[in-house]
Amino acid sequence: MTSKEYLTVKDIFGPLMLVEQVEEVTYGELAEVKLSDGQTRRGRVLEIAGDRALVQVFEGTLGIGRDNVRVKFLGKGLEIGVSPDILGRVFDGAGRTIDEGPRIIPEKRLNVNGNPINPYARDYPREFIQTGISSIDGLNTLVRGQKLPIFSCSGLPHARLASQIARQAKVPGSEEAFAVVFAAMGITFEEANYFITDFNRTGALERSVIFINLAEDPPIERLAVPKMALTTAEYLAYELDMHVLVILTDMTNYSEALREVSAARKEVPGRRGYPGYLYTDLATIYERAGRIKGKKGSITQIPILTMPEDDKTHPVPDLTGYITEGQIILSRTLHLQGVYPPVDILPCLSRLKDKGIGKDRTREDHADISNQLYAAYARGKAAKELALILGEGSLTPLDRLFMDFSERLDKEFIQQGEEEDRGIEETLNLGWKLLGRLPRRELKRIRPEYLEKYHKETKE
Amino acid sequence: MVARGLAGTNIYDIVRVGRQRLLGEVVEIRTDNYSIQVYEETEGIGPGQPVYPTGEPLSVELGPGLIGSIFDGIQRPLDVINSQLGPYIARGAEYPPLSRTKLWHFLPRLKAGDKVVGGDILGVVKESALVEHKVMVPPGVEGTIKTIVEREATIENTIAEVETTVGIAGIKMLQKWPVRRPRGVTRKVQPKEPLVTGQRVIDTLFPMVKGGTSCVPGPFGSGKTVVQHQLAKWSNADIVLFVGCGERGNEMADVLLSFPELKDPRTGRPLMERTVLVANTSNMPVAAREASIFTGITIAEYYRDMGYSVALMADSTSRWAEAMREISGRLEEMPGEEGFPTYLGSRLASFYERAGAVICLGTELQEGNLSVIGSVSPPGGDLSEPVTQATLRVAKVFWSLDDRLASQRHFPAINWLTSYSLYQNIVDGFAREKIAPGWGENRKETLRILQKEAELEELVRLIGIEALSPEDKLLMEVAKIIREDFLHQNAYHEVDTYTSLENQYYMLNAILRFYSEAQEALQKGIDLSKIIEIPAKDDISRLRFVPEGDREAFRQVEQGIQQQIGALREGSKVDL
């Protein structure tokens, strides 16, 4: 490969540089950008047309001029060095260690782009992960290999919820190697610090790999962070046989960085200025979750994103919802009522739960009771809305029971402590206890035999 | 990417690009500049690398061995790639879609001396326990059979020779067909049979026909994919093509792992034996996603030409449209609405128009049909966006998925107020003859009740339920029964997941029976609260769990309704 250094930078705009008269440069190749003051930055080839290459500079173009810069193309794509020693370490967005630990001697270097998993090679995720959180385990069950995002809003405790999941997640009755890969994109120092301190406090740090790109770090570097985190996760899962939980926060910041590059390239914008390929780009990240036939390990993803203006139809949550297998949505109203975790269960969903629950996995009645809790909660909420307009007196006695039920569900089922780790039996029994106040003939979503076995009608 | 010096290459021809021989398609020619859309990730490709023309447009291979296979968007066999290259799809993989070595037992139907034209069935091959593959004379070939023998043959062996005006044509089981060109038919005809799906809200209220088109739009989480899967599982088509276009990998894995285990309700054989899968998940290359829909429908047309009833499910056409948008953007075409190319509408229409009931090519004039069911994923659930609107102009059935219903866990979340089917009359006519004379009236009455319920709900929101008349309250009660016990259907319950047309009719009949008896009782002055307390009302809610063929259960419930309401009337007489 060529080791030529080019002095032929023609244009500089936004995070991009146009280099002329290049030879043998390929799409996606990594570039080294040397400034005359000795600084070295890195970039990636986004486009080549004839002898001109468009290079995206990860650290940004601040301080670069046409005559103080030399560009060298490295003949390879973006890579990360991995070895079992990366567990417990903290990296920056460019993949360099930023903690005090020793230098890592990589066992091998992996291209971070990764190839798509062959759908034929996928194993269907069906192992129940107990998070100890009733609103997730009981109603929106997470399984190994799933991608289940948390849709949050600014000011809500998504960080606390995510670290509670990371702390408590386990597969009941199994003692397999478990790791967390945490990727922070454009979040504040305080938020990142919360995770690191919390991981440290609970001992989770030893089995974690952390990538940090803070709000003050170059936005373009953010684009590489999830790819590096997932490449690391794939190494841990498929080569070291570990079950890996990947937490990506915050995907909205990632998408904004993508928009910045797209705008600099003067591409035709899609909705709200995001590029038309946002869906495909997000999919290449989210679809790296899963299980592969014949491999022991698995990758489960919990991406976190904040919905601008609490709006679910904003392009980032919207496209994410179309790719991921469900979503956990946090609600400001519940948060203001003091409910933790403020999970707004009605719009939540776990698409993979049906194969992960039931007899021999959680309990035979799980699917039915989950559907019934949902149906009754929705009815109770509708009754409550009606009562707001017409007063409680206008409700039928039955509607009043449902309204009462939905309030109790908020306070007793969804509400739980930050350190409270509920077993699945406990969660399901709690559900039955709440349903006990409803007459049996109204519980149509539950098979008669389970009603017989578990339902105990209780009166006030 | 642009290449030069490809003289002799036509637009939409396939080329191999670069040292890794990535697959690409010529999408634009400007003098000597050939724009190539590459179907794979292009990292590592740069100027100066070679381009190899193949001289052929993007084509699919057709022949025995399609059934039970899984292909990507450009018909590469994913199972072979997995066994050869491991769990990831490496770039530049080149494997033939159909096995070249597998032997098939070819059984002639015609004999030497017979005159044939394109589309005539030369003989058959048992492709799977469910599918008899009919080996056809390729379109355009016409003449007299010179030789034809019963034999074990690979798809590349010559199984017959036909003497034509231009010489002898050796006929193989393997055919190729360019995906962007519809396969010919003698003529199109009106569809006349329902596509039975076993889904009550669909078959009874918004039915689909064999050879029809329908679309399923809905925001994420409203259950599009579950509806598509249910149709792929239970619809009474002979062949099912499932195209996973830009959707989730785990969903394809679900189909792959569950279809070999699920049994076809009519034959008891695994569903995989009548299914072909095309999977181009969201993380696979965009250009191949654009091609996947064409690949799928061409294979579907091939089976239609054999005289089969074929159903194609495309999940999701929005991802397909987005792929077109991306490609159009790269070609720097002038964008139309929301950045979609201006030809979005005509492309979508030409895809849906490849559906239909037809008289196939060939002297026998046999009938075949191809139904298309496309899901649409409108951004933010907003149905005014271009893909939904362009689809609604061509699709005849509209199953509108509603996330409000989904969040109440009412599935399938098909909104009964906004959905429609333009095939209701065809299906009514069919059902009147084959199922029961009252089918159409029951459907109309049901829709009327649901419509009225929506109006009354508005009223209740203003003045409270107590202000309604007993008749209206009864109607609300009956509407609730229809919603909860008839329209709601649990895809994961072994019996509830599929209901035959007969059982759908009897279920609805029992509910409407209750309504008419109750109305009469109300007129006789009986208290509404007593009527809705009768135990037979609870029996209605268990009708969905009645297995196929058990007529007695329905009769008992209807009898129970009649007796118990009758008893109320008797009781009130005594009181007087």
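Residues numbered from 1 in each chain as written. Chains lettered and ligands numbered in written order. Predicted model: local features only at pLDDT ≥ 70, side-chain atom pairs only at ≥ 80, totals over all residues. Heavy atoms only, no water.

### With respect to the sheet that holds strand 15 (residues 167-172) of chain B
Inclusion rule: Strand pairing follows a simple DSSP-based rule, namely that at least 2 bridges must link the two strands. Starting at the N terminus, helices and strands are each numbered in turn, a helix being any DSSP run of H or I of at least four residues and a strand any DSSP run of E of at least two.
Here four strands make up an open sheet; going across it, the order is 9-12-14-15 (chain B) and the pairing antiparallel. Two strands bound the open sheet, and with one partner strand each, they are strand 9 (115-116) and strand 15 of chain B.

### Some details on the environment of B:Met507
Residue and element names in this part refer to chain B. The condition is simple: Contact between two residues is taken to exist if any of their heavy atoms lie within 4.5 Å; hydrogens are not considered.
Position of Met507 relative to the elements: it lies in helix 13 (residues 501-523). For the pair Met507 and Ile540, spaced 33 residues apart in sequence, the C-alpha to C-alpha distance is 7.7 Å. Ignoring any residue separated from it by four or fewer positions in sequence, one finds Met507 in contact with Arg200, Asp485, Phe486, Thr499, Leu543, Arg544 and Phe554.

### A word on the domain arrangement of chain A
All names here are of chain A. Quick note on the threshold: An automatic or database domain assignment provides the domain bounds reported here. A simple way to read buried area is as the amount of 1.4 Å-probe accessible surface that goes missing from two parts once joined, with both sides added. Within this document, salt bridges are pairs made up of a side-chain nitrogen of Lys or Arg and a carboxyl oxygen of Asp or Glu, the two lying within 4 Å of each other. Here a polar contact is taken to be a pair of N or O atoms separated by no more than 3.5 Å, where protein atoms must pair a possible hydrogen donor with a possible acceptor and residues adjacent in sequence count only if both atoms sit in side chains.
In terms of domains, chain A is made up of domain 1 (5-77), domain 2 (80-124 + 142-352) and domain 3 (366-454). Distance from the C-alpha centre of domain 1 to the C-alpha centre of domain 2: 29 Å. With 14 residues of domain 1 in contact, the opposing surface of domain 2 contributes eleven residues. When domain 1 packs against domain 2, the two sides together hide about 1000 Å² of surface, and 56% of this comes from carbon and sulfur. When residues of domain 1 are sorted by the area they lose upon contact with domain 2, Pro15, Phe58 and Glu59 head the list and together hold 41% of the total. Summed over the shared surface of domain 1 and domain 2, the result is two salt bridges. A salt bridge links Arg96 to Glu59, with the shortest nitrogen-to-oxygen separation between them at 4.0 Å. Counting every contact that joins domain 1 to domain 2 gives two residue pairs in polar contact (both at pLDDT 80 or more). Secondary structure elements with two or more residues in the side of domain 1 that touches domain 2: strand 5 (40-49) and strand 6 (52-57). For the side of domain 1 that touches domain 2, the element with the highest residue contribution is strand 5, accounting for four residues.

### Focus: the sheet that holds strand 10 (residues 121-126) of chain B
Residue and element names in this part refer to chain B. Rules: In this description, a line fitted to the C-alpha atoms serves as the axis of each element, helices being fitted only across the stretch in contact, and the angle between N-to-C directions of two axes falls anywhere from 0 to 180 degrees.
Pairing within the open sheet is antiparallel, and its four strands lie in the order 11-10-8-13. Looking at strand neighbours, the two that pair on one side only are strand 11 (132-136) and strand 13 (151-153), the edges of this open sheet. Sheet twist, expressed as the mean angle between neighbouring strand axes with direction ignored, is 35°. Two elements, strand 8 (residues 104-108) and strand 10, share three bridges in a ladder whose sense is antiparallel. Counterpart to Leu107 in the pairing with strand 10 is Val124.

### Comments concerning the nonpolar core
Here is the rule we go by: Remark: nonpolar core denotes a set of buried residues (Ala, Val, Leu, Ile, Met, Phe, Trp, Tyr, Cys) joined through side-chain atoms within 4.5 Å. Only protein chains enter the area calculation, which uses a 1.4 Å probe; residues under 20% of their type maximum are buried, those over 50% are exposed, and those in between are partly exposed.
Formed by 128 residues in total, the largest nonpolar core has its most connected members in A:Val181, A:Phe199, A:Phe211, A:Met251, A:Phe405, A:Leu409 and A:Leu435. With nine residues, helix 5 (residues 225-239) of chain A is the largest single contributor of residues to this core. Those residues in contact with A:Phe405 that lie beyond four places of it in its chain are A:Leu373, A:Ala376, A:Tyr377, A:Leu434, A:Leu435 and A:Leu438. Core analysis: the second largest hydrophobic core is formed by 93 residues, A:Ala383, B:Leu256, B:Leu271 and B:Tyr515 among them.

### A closer look at the state of the cysteines
Selection rule: Two cysteine sulfur atoms form a disulfide, by the criterion used here, when they sit within 2.5 Å.
Within this structure, the stated rule accounts for zero disulfides over all chains. The structure places no disulfide on B:Cys215, whose sulfur is separated from the nearest cysteine sulfur, that of B:Cys245, by 15 Å.

### Things to note about the confidence of the model for chain B
Low-pLDDT stretches of the model should not have their predicted coordinates read in fine detail. Residues and elements named next belong to chain B. Just so we agree on the cut-off: How sure the predictor is of each residue is captured by pLDDT, a score from 0 to 100.
Per-residue confidence for chain B gives a mean pLDDT of 91; residues scoring 70 or more make up 99%. Averaged pLDDT values over the elements of chain B bottom out at 84 in strand 1 (residues 2-3) and peak at 97 in strand 24 (residues 397-398). Overall fold confidence (pTM) sits at 0.90, and the ipTM for the predicted complex is 0.84.

### A word on a nonpolar patch on the surface
Put simply, the rule reads: Patch criteria: residues need more than 30% relative accessible area and no salt bridge. Like-charged residues are merged within 9 Å; nonpolar side chains of Val, Leu, Ile, Met, Phe, Trp and Tyr are merged within 5 Å. Residue burial considers only the protein chains on display, and all accessible areas are found by Shrake-Rupley using a 1.4 Å probe.
Taken together, the side chains of B:Ile11, B:Tyr12 and B:Ile29 define a hydrophobic patch exposed on the protein surface, amounting to about 230 Å² of accessible area. For B:Tyr12, the position within the fold is in the loop between strand 1 and strand 2 (13-17).

### Observations concerning the packing of aromatic side chains
For any two aromatic rings, the description comes down to two numbers: the centre-to-centre distance and the angle of the planes. Quick note on the threshold: To pair, rings of Phe, Tyr and Trp, with the six-membered ring standing in for Trp, must have centres within 6.5 Å; the planes then decide the type, stacked if under 30 degrees apart, edge-to-face if over 60, and tilted in the middle. In this scheme, Lys NZ or Arg CZ marks a charge over a ring once it lies within 6 Å of the ring centre and within 35 degrees of the ring normal.
According to the stated counting rule, one finds 18 aromatic pairs over all chains in the structure shown. The interplanar angle of 75° and the centroid separation of 5.6 Å between the aromatic rings of A:Tyr322 and B:Phe220 together place this pair among those described as edge-to-face. Of this pair, A:Tyr322 sits in helix 8 (residues 315-323) while B:Phe220 sits in the loop between strand 18 (213-217) and helix 3 (224-234), each in a different chain. Residue A:Tyr322 is classed as buried on the basis of its relative accessible area, which comes to 2%. Accessibility expressed as a relative area gives 6% for B:Phe220, which makes it buried. Aromatic rings pair up to connect A:Phe182, A:Tyr194, A:Phe195 and A:Phe199 into one cluster. In this structure, B:Arg319 packs its charged tip against the face of A:Tyr322, placed 4.7 Å from the ring centre. The ring centre of B:Phe340 lies 4.4 Å from the NZ or CZ of B:Arg325, which sits over that ring.

### Looking at the environment of B:Pro335
Relative to the helices and strands, B:Pro335 resides in the loop between helix 6 (317-330) and helix 7 (344-352). Put simply, B:Pro335 and B:Arg325 are ten residues apart on the chain and 8.4 Å apart in space, counted from C-alpha to C-alpha. Apart from residues lying up to four places away in sequence, B:Pro335 is in contact with A:Val268, B:Phe340 and B:Thr342.

### Considerations on the interface of chain B and chain A
We apply this condition: Note that Gly is not counted as nonpolar here; it falls among the polar residues with everything else outside the nonpolar set of Ala, Val, Leu, Ile, Met, Phe, Trp, Tyr, Cys and Pro and the charged set of Asp, Glu, Lys and Arg.
Counting residues at the interface gives 80 residues for chain B and 73 residues for chain A. When the two sides are added together, the surface that chain B and chain A hide from each other amounts to roughly 6100 Å², 54% of it contributed by carbon and sulfur. Of all residues in chain B, B:Phe220, B:Asn250 and B:Arg409 give up the largest surface area on contact with chain A, accounting jointly for 14% of the area buried on that side. In this structure, the connection of chain B to chain A is made through eight salt bridges. When the shortest N-O distance is used, the salt bridge between B:Glu494 and A:Arg447 registers 3.5 Å. On the surface where chain B and chain A come into contact, there are 29 residue pairs in polar contact (both at pLDDT 80 or more). Ranked by residue count, the leading element in the side of chain B that touches chain A is helix 4 (residues 249-258) of chain B, at nine residues. Considering only residue class, the side of chain B that touches chain A consists of 28 nonpolar, 25 polar and 27 charged.

### Things to note about the pairing of strand 7 (residues 69-73) of chain A
Residues and elements named next belong to chain A. Burial along strand 7 is one-sided: Val69, Val71 and Phe73 are buried, while Arg70 and Lys72, pointing the other way, are not. Two elements, strand 4 (residues 30-35) and strand 7, share five bridges in a ladder whose sense is antiparallel. Pairing of Glu32 across the sheet is with Lys72, part of strand 7.

### Comments concerning the domain arrangement of chain B
Residues and elements named next belong to chain B. Each domain of chain B was delimited in the assignment, giving domain 1 (1-57), domain 2 (104-173), domain 3 (187-421) and domain 4 (439-575). Listed as interface residues are nine residues of domain 1 and, on the opposing side, eight residues of domain 3. Carbon and sulfur atoms supply 60% of the area buried between domain 1 and domain 3, which totals about 580 Å² over both sides. When contributions to the side of domain 1 that touches domain 3 are tallied by element, the ones reaching two or more residues are strand 3 (22-30) and strand 4 (33-38).

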